[in-house]
Amino acid sequence: MTIKPLIILPDPLLRQTSKPIERIDVDVQRLADDMLATMYDAPGIGLAAVQIGVPRRMLVIDVSREGEEKQPLVFINPEILTSSDERSVYEEGCLSIPDYYAEVERPARVTVKHLDREGNEQIVEADGLLATCLQHEIDHLNGVLFIDYISRLKREMVIKKFTKAAKAKAV
Ligand code: NI
């Protein structure tokens, strides 16, 4: 397992649509393991492949609490089948937008079809933090970020701040 560098806003790769994974082989499994290592190291509770520069449709999640046993989940080619009308609000953050948090309202429950690390088709009914995390990470596969749900003014301020920081770093 290798910890990979994270790509950060405003990297244009974050706005790209990730491509489906056609075959689950050792390379894909190694990518999943690297993503988990990177997510735990950050630390974070979810990570999409594109965030380590690989625009493929895979994400990893672990919403277990501190002190609890780890519950690594791998979702390959995830697809939201159903979303509840009921909505819930969580304060979200993103490893590609470090140290910025904002409340986002999303469907409270989702049903997600995907392949697991071994290539078996699975259907997960998620609620609570897992439902929010799944929707946040699936958004990444479509080039959508959680800041797209906040006000335009706030979003522009965040993008401006990160663009400035990236420029300062490049010098
Ligand atoms: Ni994110």
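Quick note: structure is the one above.
Structural notes, computed from the coordinates. (Residues numbered from 1 in each chain as written. Predicted model: local features only at pLDDT ≥ 70, side-chain atom pairs only at ≥ 80, totals over all residues. Heavy atoms only, no water.)

In this structure the tally under the stated criterion is eleven salt bridges. For the salt bridge of Arg-87 with Glu-105, the shortest nitrogen-to-oxygen distance reads 2.6 Å. Here Glu-105 lies in strand S5 (residues 97–107) and Arg-87 lies in strand S4 (residues 87–94), a separation of 18 residues in the sequence. With relative accessibility at 45%, the residue Arg-87 sits in the partly exposed group. Here Glu-105 falls in the partly exposed class, since its relative accessible area comes to 43%. One continuous salt-bridge network, built from bridges that share partners, spans Asp-33, Arg-117 and Glu-118. (Salt bridge = Lys/Arg side-chain N within 4 Å of Asp/Glu carboxyl O. Helix = DSSP H or I, 4+ residues; strand = E, 2+ residues; numbered from the N terminus. Buried < 20%, exposed > 50% of the residue type's maximum accessible area, 1.4 Å probe, protein only.)

A word on the pairing of strand S6 (residues 109–115). Pairing geometry for strand S3 (residues 73–83) and S6, over five bridges, is antiparallel. When the sheet's bridge partners are listed, Thr-82 is paired in S6 with Thr-111. Pairing between S6 and strand S7 (residues 121–127): seven bridges, direction antiparallel. Across the sheet, the residue bridging to His-114 is Gln-122, located in S7. The turn linking S6 back onto S7 is made up of five residues, and Gly-119 within it adopts a positive phi angle of 90 degrees. (Pairing = 2+ DSSP bridges.)

Below, the discussion takes up the coordination of the nickel ion. For the nickel ion, the full set of protein donor atoms is Cys-94 (SG), His-136 (NE2) and His-140 (NE2), and the range of their distances to it is 2.1 to 2.3 Å. Within one chain, the residues donating to the nickel ion are spaced in sequence as C-x41-H-x3-H. Placement of Cys-94 in strand S4 and of His-136 in helix H2 (residues 128–141) is noted, with a sequence separation of 42 residues between them. His-136 carries the same exposure label as Cys-94, and that label is buried. (Donors = N, O, S within 2.8 Å, 3.2 Å for Na, K, Ca; no water.)

Right, let's get into H2. Under the 1.5 Å per step criterion, the end-to-end length of H2 is 21 Å for 14 residues, consistent within 8% with the ideal 20 Å. Counted residue by residue, H2 has twelve buried out of 14 residues, so it is predominantly covered. Three or more residues of H2 are buried, namely Leu-130, Ala-131, Thr-132, Cys-133, Leu-134, Gln-135, His-136, Glu-137, Ile-138, Asp-139, His-140 and Leu-141. Trailing H2 by a residue or two, Gly-143 shows a phi angle of about 75 degrees, which is positive. (Expected span 1.5 Å × (residues − 1).)

So, on to the side chain of His-140. As for its position among the elements, His-140 is in helix H2. The contacts of His-140, once residues within four sequence positions are left out, are Gln-16, Ala-48, Val-50, Gln-51, Cys-94 and Leu-145. (Contact = heavy atoms within 4.5 Å.)

In this structure, Glu-92 sits in strand S4. The class for Glu-92 is buried, based on a relative accessible area of 4%. With residues up to four places along the chain from it excluded, the contact list for Glu-92 reads Tyr-100, Tyr-101, Ala-102, Val-104, Arg-106, Thr-132, His-136 and Phe-146.

This part is about unusual backbone geometry. Omega for the peptide link from Leu-9 to Pro-10 comes to 5 degrees, which places this bond in the cis form. Relative to the assigned elements, Pro-10 resides in the segment before helix H1 (26–41). For the bond running from Ala-42 to Pro-43, omega is -10 degrees, close enough to zero to count as cis. Mapped onto the elements, Pro-43 comes out in the loop between H1 and strand S1 (46–48). The phi dihedral of Asp-99 falls on the positive side, at around 65 degrees, and the residue is not glycine. If you trace the backbone, Asp-99 turns up in strand S5.

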